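Coordinate analysis (summary)
Spelled out, the chains give:
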Amino acid sequence: MTAFIEATSPHVMNTYGRVPIALARGQGCRVWDVNGKEYLDGLGGIAVNTLGHNHPQLVPALQDQLTKLIHTSNYYHVPLQETLAAKLVELSGMTNAFFCNSGLEANEAALKIARKYGVDKGIAKPQIVVYEKAFHGRSIATMSATGNPKIHTGFGPLVEGFIRVPLNDIEAIKKATEGNPNVVAVFFETIQGEGGINPMRAEYLQQLRQLCNERDWLMMIDEVQCGIGRTGKWFAHQWAGIVPDVMPLAKGLGSGVPIGAVVAGPKAANVLQPGNHGTTFGGNPLAMRAGVETLRIMEAEGLLENAAKVGEHLRAALQNALGGLPGVKEIRGQGLMLGIELHKPCGALIGRAAEAGLLLSVTADSVIRLVPPLILTTAEADEIVAKLTPLVQALLAE
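Residues numbered from 1 in each chain as written. Predicted model: local features only at pLDDT ≥ 70, side-chain atom pairs only at ≥ 80, totals over all residues. Heavy atoms only, no water.

1. Overview of the overall build of the chain
Secondary structure assignment for the chain yields 12 helices and 17 strands. Taken against the 2.2 N^0.38 rule, which gives 21 Å for 398 residues, the C-alpha radius of gyration of the chain at 21 Å falls within 12% of a compact globule. Contacts in the chain between residues far apart in sequence, at least 24 positions, make up 72% of those at least 6 positions apart. Of the charged side chains in the chain, 34 are positive and 36 negative, and the gap between their average positions amounts to 2 Å. (Helix = DSSP H or I, 4+ residues; strand = E, 2+ residues; numbered from the N terminus. Rg over C-alpha atoms; globule rule 2.2 N^0.38 Å. Contact = heavy atoms within 4.5 Å. Lys, Arg positive; Asp, Glu negative; His and termini not counted. Charge placed at Lys NZ, Arg CZ, Asp CG, Glu CD.)

Below, the structure is given as structure tokens:
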């Protein structure tokens, strides 16, 4: 019998409260740890592993790219950047794209676009409207845009220039910006991820688009977590029939290969010029191949339709199993981005679910988050519910 391998990382900086398991391999929506224990992946690397693990078309494509070019730098044209940018423009109805390495970097670039957009109009100190409970990253600027005091603690002073408002209240944003000539943009997630799976209402998004048009603000939509087909459309804001001016992307765009993008519409497309912004690794041939192949495979396999269908099946099954329980506040979200809010903190469920063979996360202290690969089947959705239900029942009974 093989000896048990303990999961430990003594030389790695202690920045995460980790579950004591170490994953070794994956196939589809399942992963195995170094001791051979199997888990159903309800987290997808936090909405990253769009195509699951070891996808039979993605892996050979990446292997092929490795034999050609991994990295060249942005001194030169990278043909796959144009291929991926053209596809994102086609899917979004926007104009052009900038490529980086992560959602944080995409959001940083969006904030720089907004500031320069304002400065170019003669505004010395541009201000950006952001939202309560938002999460945009952990750099100094994106942390300042984030609406979680826990993220801020210990890292002051924050970057100035942000006006914070509540979700889904058009009168609140009008009141907060009344008579202020320095506002240049509104920045938000269509469905807040880290903030607790909080959706923006379609009618609010439409009102916001109209307000941005009237006041010549940039509408900047952070689709890092809720984009790339997760809700059943390419981008979650498309359910409201609107088009943003700036759209940061990352996570699911590369199916696990680090990639970020900022897609811009006509109002923002030419704000950044040579020397204004850049990246060493961003847009390298390997990451671009991952993005191109991810979108191609998603279309070929009908994964938007699958996310909508299986997501609704999962939501209904969770509602049926848990919705009536005292202590379950709400089950919400769209497609394969779902949250189950409890009336008590439930961080303990991360470890307990892992013990039961299910990977998930908890956000905003009391919201169970499910963001599995978009290849999830209805049978696997039922398995998630079967594993999760007794754990929630036991927690609520404590």
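Once the structure has been displayed, the description carries forward.
2. Side note on the nonpolar core
By size, the foremost hydrophobic cluster in this structure holds 61 residues, and its most contacted members are L314, L318, I340 and L342. Those residues in contact with L318, other than ones at most four positions away along the chain, are G323, I331, L338, I340, L370, V385 and L388. Membership of the second largest hydrophobic core comes to 24 residues, among which are C100, A106, A141 and V271. (Core = buried A, V, L, I, M, F, W, Y, C linked by side-chain atoms within 4.5 Å. Buried < 20%, exposed > 50% of the residue type's maximum accessible area, 1.4 Å probe, protein only.)

3. Here we look at the packing of helix α10 (residues 303-322) against helix α12 (residues 378-397)
Put simply, α10 and α12 touch, their axes get as near as 9 Å, and they point 25° apart. By the angle class used here, α10 and α12 are roughly parallel. For α10 against α12, the interelement crossing comes out right-handed. Across the interface between the two elements, V310, H313, L314, A317, L318, A321 and L322 from α10 touch T378, A381, D382, I384, V385, L388, T389 and V392 from α12. Here the contact of α10 with α12 is built from residues that sort into 11 nonpolar, 3 polar and 1 charged. (Axes fitted to C-alpha atoms, helices over the stretch in contact; angles between N-to-C directions. Parallel < 35°, antiparallel > 145°, perpendicular 65-115°, else oblique. Left-handed = near helix turned anticlockwise from the far one by under 90°. Nonpolar A, V, L, I, M, F, W, Y, C, P; charged D, E, K, R; others polar.)

4. Brief notes about the layout of surface pockets
Within this model, the second largest pocket holds a volume of roughly 900 Å³. In this structure, the second largest pocket is lined by 31 residues; those nearest its centre are N74, Q81, A97, F98 and F99. For the lining of the second largest pocket, the secondary-structure elements that each account for two or more residues are α3 (79-92), β4 (96-100) and β12 (260-264). Here the lining of the second largest pocket gets 6 residues from one element, more than from any other, and that element is α3. Split into classes, the residues belonging to the lining of the second largest pocket amount to 17 nonpolar, 13 polar and 1 charged. (1 Å grid on protein atoms, 1.4 Å probe; cavity = no way out; pocket = protein on both sides within 12 Å on 5 of 7 lines; lining within 4 Å. Points joined across faces, edges and corners; volume = space filled by probe spheres on them.)

5. Structural notes on α3
Helix length check: α3, at 14 residues, gives a terminal C-alpha distance of 20 Å against a target of 20 Å (1.5 Å per residue), a fit within 8%. A positive phi of about 75° marks G93, the residue just after α3. (Expected span 1.5 Å × (residues − 1).)

6. Let's talk about the pairing of strand β1 (residues 23-27)
Judged from the 4 bridges that link them, β1 and strand β2 (residues 30-33) form a sheet pairing that is antiparallel. Bridging across to β2, Q27 finds its partner in R30. Where β1 folds back onto β2 in an antiparallel hairpin, the turn is made up of 2 residues, including G28, whose phi is positive at roughly 65°. (Pairing = 2+ DSSP bridges.)

7. A short note on the UniProt feature "binding site: pyridoxal 5'-phosphate" (unreviewed entry) in the chain
Under the UniProt annotation, "binding site: pyridoxal 5'-phosphate" (unreviewed entry) lies at F135, D222, E223, V224, Q225 and T280. Their sequence span is 146 residues, while the largest C-alpha to C-alpha distance among them is 25.1 Å; these annotated residues do not converge on one region. Lining the largest cavity, from the residues just named, are V224 and Q225. Its place among the elements puts V224 in the loop between β10 (218-222) and β11 (246-249). Setting aside residues no more than four positions away along its own chain, V224 makes contact with G103, N107, P248, L249, A250 and K251. (UniProt positions renumbered as here; feature names shortened; annotations may be inferred.)

8. Side note on the pairing of strand β17 (residues 367-370)
Burial along β17 is two-sided: V367 and R369 facing one way and I368 and L370 facing the other are all buried. One ladder, built from 4 bridges, connects strand β14 (residues 337-342) with β17; its direction is antiparallel. Following the sheet pairing, I340 is matched in β17 by I368. With 3 bridges connecting them, strand β16 (residues 361-363) and β17 associate as antiparallel partners. Across the sheet, residue S361 finds its bridge partner in β17, namely R369. As consecutive antiparallel partners, β16 and β17 are separated by 3 residues, and within that stretch A364 has a phi angle of approximately 50°, a positive value.

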